[in-house]
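Given next are the chains, with one letter for each unit.
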Amino acid sequence: MLRPVIEIDEEKCNGCGKCILDCAEGALSIVDGKARLISDVYCDGLGACLNCPQGALTLTMREAAPFDEAAALAAKEKREAAGKACAPGGSCPGSAARTLKPLAPLGGTEAQAAPAHSPEAGTVMAHLPAWPVKLALVPPSASFLHGARLLLTADCAALSLPDLHAHWLIGHIPLLACPKLESHDLIRERLENILREGAPSAITVLRMSVPCCGALARLTEQAISTIGSKIPLKVYTVELP
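Per chain, residues are indexed from 1 in the order of the written sequence. Reporting in this predicted model follows two pLDDT cut-offs: at least 70 for local features of residues, and 80 or more for side-chain atom pairs to be given and counted; totals over whole chains, interfaces and linings ignore these cut-offs and use all residues. Side-chain measures here rest on the full set of heavy atoms in the structure, leaving out hydrogens and waters.

1. Focus: the packing of aromatic side chains
To keep things clear, this is the line we draw: Two aromatic rings from Phe, Tyr or Trp, using only the six-membered ring of Trp, form a pair when their centres are within 6.5 Å; if the ring planes differ by under 30 degrees the pair is stacked, by over 60 it is edge-to-face, and anything between is tilted. Runs of E in the DSSP output that reach at least two residues are strands. Runs of H or I that reach at least four are helices, and both are numbered from the N terminus. Residue exposure (1.4 Å probe, protein chains only): buried if accessible area is under 20% of the type maximum, exposed if over 50%, otherwise partly exposed.
Taken as a whole and assessed by the stated rule, the structure comprises one aromatic pair. Relative to Y236, the ring of W168 lies with its centre 5.2 Å away and its plane at 75 degrees, an arrangement referred to as edge-to-face. Taken as a pair, W168 in helix α4 (residues 164–169) and Y236 in strand β10 (residues 233–238) lie far apart in primary sequence, 68 residues in all. Among the residues examined, Y236 registers a relative accessible area of 36% and is labelled partly exposed.

2. Side note on helix α6 (residues 214–227)
The test is simple: Expected helix span is given by 1.5 Å per residue-to-residue step, counting one fewer step than there are residues. Contact criterion: two residues are considered in contact whenever any of their non-hydrogen atoms come within 4.5 Å of each other.
Over its 14 residues, α6 runs 21 Å from end to end, which matches the ideal 20 Å to within 8%, given 1.5 Å per residue. The inward-facing, buried residues of α6 abut α1 (18–22), β7 (149–154), β8 (173–177), α5 (184–198), β9 (202–208) and β10. A positive backbone phi angle near 70 degrees is found at G228, which sits one or two residues after α6.

3. Side note on the nonpolar core
The condition that has to hold: What we call a nonpolar core is a set of buried Ala, Val, Leu, Ile, Met, Phe, Trp, Tyr and Cys residues that are connected through their side-chain atoms within 4.5 Å.
In terms of nonpolar packing, the biggest core is built from 39 residues, with L135, L145, L150 and L152 touching the most fellow members. Where this core is concerned, the elements lending two or more residues are β7, α3 (155–160), α4, β8, α5, β9 and α6. Per-element accounting of this core gives the leading share, five residues, to α6. Ignoring anything within four residues of it in the chain, the contact list for L150 reads L145, H172, I173, L175, I194, P200, A202, I203 and T204. Among the nonpolar cores identified, the runner-up in size contains 19 residues, and V5, I20, C43 and A56 belong to it.

Interpretation in functional terms is not warranted from these geometric data alone.
In structure tokens:
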């Protein structure tokens, strides 16, 4: 049948993921850094995703299979369930919440930095205040969240800062996420649950300057707004040289 279906200009798309947030049917996904239409039958053709900052999305009249709402929502639910497979309560034994030793400034008496070079491979000690650190694995009811100052950092941002432990993690509980490779729905849902159940006192978001990373701050703002929280939020951007 001839009907409107979303079309994506790959040259304009920068993978920011805003269209993923706007598509309630889950018809879109980020693949290899670009938005992709998963299937014609998942697209209702209403254009809720057209508010693209890059103007990469348009509606095109073409031959396509009819929209199947039940199939679209079932596929979306299946993808989200797969994303939760290693979440707390799932099958991942390493996701059990643990409160570790509070961090002290590197070089202090309570904590020491890892050696710059180790001559042999072996076991090294973690330098973290709590575990797990991946947002998707942190139980919203974990005791270490209550009253905590959270540092929600993009995976790349954390790796890019050599002074992360010395200047960012002290006094914070770190949470890592990647808005380009992880489901935006799951990130926002986990943040909402953490705000409700964990009751942290503040959130700092550390993102990269690349466009796709902006979703991390946006998802945090949406989670705060959804539950009506007044928690303070600060956002810092790590610029590439």
